[in-house]
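Structural overview
These are the residues of each chain, in order.
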There are 2 protein chains.
Amino acid sequence: MKRRPTIIDVAKQAGVSKTTVSRVITGDGANVREETVQRVQEAVEELGYTHNAVASSLRTARTNIIMLSLPDITNPFWPAVARGVQDRMEKEGYAVVFANSDWDTEREKMFLEMARRNRFDAILINPVHVSNDELKATHIPTVLIGSHEGFPDFDIVGSNTYGATQLALTHLYDLGHRRIGLIRGRRESRPGHSRLRSYTDFLQEKQIPLDNSLIMRVPFDENGGRQALQQLLSLSTPPTAVLAANDILAIGALQAAHEAGISVPDHLSIVGIDDIFAASATTPPLTTIAKPQYEIGKQAAEFLLDHLEKEPALSLSKRPFTPRRHLFDCTLQQRGSTAPPIN
Amino acid sequence: MKRRPTIIDVAKQAGVSKTTVSRVITGDGANVREETVQRVQEAVEELGYTHNAVASSLRTARTNIIMLSLPDITNPFWPAVARGVQDRMEKEGYAVVFANSDWDTEREKMFLEMARRNRFDAILINPVHVSNDELKATHIPTVLIGSHEGFPDFDIVGSNTYGATQLALTHLYDLGHRRIGLIRGRRESRPGHSRLRSYTDFLQEKQIPLDNSLIMRVPFDENGGRQALQQLLSLSTPPTAVLAANDILAIGALQAAHEAGISVPDHLSIVGIDDIFAASATTPPLTTIAKPQYEIGKQAAEFLLDHLEKEPALSLSKRPFTPRRHLFDCTLQQRGSTAPPIN
DNA sequence: TATATAAATGGGAACGTTCCCATTTTAGCA
DNA sequence: TGCTAAAATGGGAACGTTCCCATTTATATA
């Protein structure tokens, strides 16, 4: 039957006003005598008072909660990013709500709505279907994760996907490969297509004719990778090397190769992108382009904190806003799945 | 300069009272004329009103937010569980806050505090250091995930770890293995030690003498698994098979075997537990004991929802509480990392 | 000691809902 | 048509803070 104690109960117990208690609790320490602070803290202790963040939020219009919206939490890439976000945000006292859109448009929008209703302080999102304008309409400070184009109004943290692709292709080229397949994810539907553009640019530069039958487009999962490779192997002249848009696809391809009795890297080289945990667990271990996942998350949090320090309302509307881009460079993680082609 | 519209603005616009607007918005549809509902909805539309969940929470003492506390989000096991939780909870309109304790006592406690202050409606936790009593002290409905003992006051959802271990050992035994190593995680410090107990019980039943040098205890990561196997291989008579407490450890062991030039499964069999994504990506693919990760999360959510339907305050204190245990059975996922021993 | 200034404290309004209770309107029925 | 019951609606208080502003108390200065 006993109610949770409120700030007023504490005030009564300590013989001060609720205002003073509030001052002590918010650590707004300024202008409170040390002795009074003591008295209040004792009262808090005695009554087992816990600050009511909800009431506080109502008054201050700040919840200290941010939302992290991701397409697929089961791709290990994202948990790694999330950890970077969390480590940074928690240090500033923010809680992180995960939103797992699962590639679904409706869910993604539903989460934006949730962020609005719950007055979350900010949004961190790898947008899948949602547009620049839809994000702007939330009026919530937002930072994007991923190298997407078409979002002129937001800070973006990601990795240099174009460069990563070049890196991978150069590696294969230097090994002697000339016929290189590309396995793309079907979701990669944004304007930009950095990987594809990078691929065609590379071929052009090296004066290798573009062969569209070498470009596969499949669902972003293991099976997608597997199917793509099967199809590539069935060509009259199959590629001697394959670049997959991410490690999940690459691992699927690797499995398909094993199943087909193709030896990797002897008869086929495979490169992935991301460097997720499983990449080093395959046999042979996967050569891949490493992205600094944790760092990406951390930097995104950093941008977000910049927005949060200012008046939330202002950050989007008032001052002329020059979006920042922070694209991390990627590095070649050479392991066992690549080798010179057999002649 | 324009404020966000409130329920009162909507009321004015629609020419009704705020109470009526509230009724419409909460979908408490009872006792509102259809025509009035229309009018209110139009007003909402016109003004671009969004419900303020914070204010609502203050009044109703419900936030519709739950916390999911996990030791390590980068172990793919947990995201899979989390997805089950999320799918179920979101359907009921709850948001899920992830808390990543990273095996750290302080962080785990800090998260409990956060849950209290933010008045989260419930907690779902795989407790690492926190005790039964500490959880009880939060006065927040809580359900545990994992097969931990020592928590008499809570519903628990997990898997039958003891049985899983038996399954794995039986598999190895049936293949002909008699000298079987065990790689345990160092964190497994709870009373119970289901895996260890299961292991010793099994040996006893099969009348195999216990050899403590076959039992390794290492950090719960890839490297732990690697080191453990190296040490096992350095024994004068190494085991012919190894059971690892989870797939991460098993994969580490697998890598160590490769590095040592030991062929798996010809010269050494390895079994893991969990069946995470990467388990099927290794070469040879890992034989493991599959746990229904998604289902575990879903069932945990189900238990939680039971608590949430009742008066939150009551569920813990009043009625005599009989904790429920839902331990899922595990299944042998036979892949390529196990085979009869060479004689 | 009186006076000006700074520091410490307190009272009340406000944040935007929901809920209780009272009042008005509508429907049902003789 | 009049009366009763039910349905629909509205006004105000309450949830637990924080913030504004006013007041009291302590400190420094002349």
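Residues numbered from 1 in each chain as written. Chains lettered and ligands numbered in written order. Predicted model: local features only at pLDDT ≥ 70, side-chain atom pairs only at ≥ 80, totals over all residues. Heavy atoms only, no water.

**Comments concerning the side chain of B:Lys291**
Mapped onto the secondary structure, B:Lys291 falls in the loop between strand S10 (287–290) and helix H12 (293–309). Not counting chain neighbours up to four residues away, the residues in contact with B:Lys291 comprise B:Phe77, B:Ser159, B:Thr161, B:Arg195, B:Ile273, B:Asp274 and B:Cys330. (Helix = DSSP H or I, 4+ residues; strand = E, 2+ residues; numbered from the N terminus. Contact = heavy atoms within 4.5 Å.)

**Notes on the pattern of salt bridges**
This model, assessed by the stated rule, comprises 38 salt bridges over all chains. The salt bridge partner of B:Arg83 is A:Asp72, with a shortest N-O separation of 3.9 Å. Placement of B:Arg83 in helix H5 (residues 77–91) and of A:Asp72 in the loop between strand S1 (65–70) and helix H5 (77–91) is noted, with the two residues assigned to different chains. Here the two residues B:Arg83 and A:Asp72 agree in accessibility, since each one is buried. Note that A:Asp153 and A:Lys136 form a salt bridge whose closest N and O atoms lie 3.3 Å from each other. With A:Asp153 in the loop between strand S4 (142–145) and strand S5 (155–159) and A:Lys136 in helix H7 (residues 132–137), the pair connects residues that are 17 residues apart, well separated along the chain. Overall, A:Lys136 belongs to the partly exposed group, its relative accessible area being 39%. Taken together, the salt bridges that share partners define one network made up of A:Asp72, A:Asp102, A:Arg107, B:Arg83, B:Asp87 and B:Glu90. (Salt bridge = Lys/Arg side-chain N within 4 Å of Asp/Glu carboxyl O. Buried < 20%, exposed > 50% of the residue type's maximum accessible area, 1.4 Å probe, protein only.)

**Side note on the protein's contact with DNA strand D**
Around DNA strand D sit 26 residues, and of these A:Ser22, A:Tyr49, A:Arg59, B:Ser17 and B:Thr36 come closest. For DNA strand D, the fraction of protein-proximal atoms (within 4 Å) that sit in sugar or phosphate groups is 56%. Contact between DNA strand D and B:Thr20: a phosphate oxygen at 2.9 Å from a side-chain N or O atom of the residue. Within the side chain of B:Arg59, a nitrogen or oxygen atom sits 3.3 Å from a base nitrogen of DNA strand D. Listed by contribution, the elements that provide at least two residues to the surface near DNA strand D are helix H2 (18–25) and helix H4 (53–60) of chain A together with helix H2 (18–25) and helix H4 (53–60) of chain B. A total of 5 residues in the surface near DNA strand D trace back to one element, the largest contributor, which is H4(A). (Near = heavy atom within 4 Å. Polar contact = N/O pair within 3.5 Å; in protein donor to acceptor, adjacent residues only side chain to side chain.)

**Describing the nonpolar core**
Counting 139 residues, the largest nonpolar core has A:Met89 and B:Met89 as the members making the most contacts within it. A:Met89 has contacts with A:Ile66, A:Tyr94, A:Val96, A:Ala301, A:Leu304, A:Leu305 and A:Leu308, leaving out every residue within four places of it along the chain. Core analysis: the next-biggest nonpolar cluster, separate from the first, contains 38 residues, A:Ile123, A:Leu144, A:Ile156 and B:Ile140 among them. (Core = buried A, V, L, I, M, F, W, Y, C linked by side-chain atoms within 4.5 Å.)

**Thoughts on the confidence of the model for chain A**
Put simply, chain A has an average pLDDT of 90, and 94% of its residues get 70 or more. Predicted confidence for residues 311–318 of chain A stays below pLDDT 50, and this span has 8 contacts to residues more than four positions away or in other chains. (pLDDT = per-residue confidence, 0-100.)

**Observations concerning the relation of the copies chain B and chain A**
Both copies of the chain are related through a single rotation about an axis accompanied by a shift along the same axis. Once turned by 180° and shifted 0.1 Å along the axis, chain B lies on chain A with an RMSD of 0.1 Å. Put plainly, the chains are arranged around a two-fold axis. Most of the interface of chain B is mirrored in chain A, where 100% of its interface residues again form contacts. (Least-squares fit on C-alpha atoms with pLDDT ≥ 70 in both.)

**As for the interface of chain B and chain A**
How big an interface is tends to be expressed through the accessible area that disappears when the partners come together. Contacts between chain B and chain A engage 49 residues on the former and 49 residues on the latter. Buried surface at the junction of chain B and chain A, summed over both partners, amounts to about 4600 Å²; 56% is from carbon and sulfur atoms. Among the residues chain B hides against chain A, the three largest losses belong to B:Arg83, B:Arg119 and B:Phe277. Together they make up 15% of the total. Viewed at the interface, chain A and chain B are joined by 8 salt bridges. (Buried area = accessible area lost by both parts, 1.4 Å probe.)

**Some words on the protein's contact with DNA strand C**
If you check the shell around DNA strand C, you find 26 residues, and the closest are A:Ser17, A:Thr36, B:Ser22, B:Tyr49 and B:Arg59. What you see for DNA strand C is that sugar and phosphate hold 56% of its atoms within 4 Å of the protein. Here A:Thr19 contributes a side-chain N or O atom positioned 2.9 Å from a base oxygen of DNA strand C. At 2.9 Å from a phosphate oxygen of DNA strand C is found a side-chain nitrogen or oxygen belonging to A:Thr20. The set of elements that each furnish at least two residues to the surface near DNA strand C consists of H2 and H4 of chain A together with H2 and H4 of chain B.

**Let's talk about the sheet that holds strand S7 (residues 215–218) of chain B**
What links the strands of a sheet is backbone hydrogen bonding, and the strands pair in either a parallel or an antiparallel sense. All names here are of chain B. The 6 strands are arranged S7-S6-S8-S9-S10-S12 in an open sheet whose pairing can be described as mixed. Lying at the two open borders of the sheet, with one neighbouring strand each, are S7 and strand S12 (331–333). Shown here is a sheet whose adjacent strand axes are inclined to one another by a mean of 20°, direction ignored. Pairing between strand S6 (residues 180–185) and S7: 4 bridges, direction parallel. Each residue of the ladder has a partner; that of leucine 182, found in S7, is isoleucine 215. Against the sheet, helix H9 (residues 194–205) makes contact with S6, S7 and strand S9 (269–274), and its axis sits at roughly 165° relative to S6, the strand it touches most. Each of S6, S7, strand S8 (241–244), S9 and S10 touches helix H11 (residues 247–259); the most contacted strand, S9, lies at about 155° to it. (Pairing = 2+ DSSP bridges. Axes fitted to C-alpha atoms, helices over the stretch in contact; angles between N-to-C directions.)

**Structural notes on the domain arrangement of chain A**
Domains assigned within chain A are domain 1 (7–51), domain 2 (61–159 + 293–327) and domain 3 (161–291). A separation of 36 Å is found between the C-alpha centroids of domain 1 of chain A and domain 2 of chain A. (Domains from an automatic or database assignment.)

**Things to note about the sheet that holds strand S10 (residues 287–290) of chain A**
Residues and elements named next belong to chain A. Across the sheet, which stays open at both edges, the 6 strands sit in the order S7-S6-S8-S9-S10-S12 with mixed pairing between neighbours. Two strands lie at the open edges of the sheet, namely strand S7 (215–218) and strand S12 (331–333), each paired on one side alone. The sheet shows a mean angle of 20° between the axes of neighbouring strands, direction not considered. Where S10 and S12 come together, 3 bridges link them in antiparallel fashion. What sits directly across from threonine 288, in S12, is glutamine 333.

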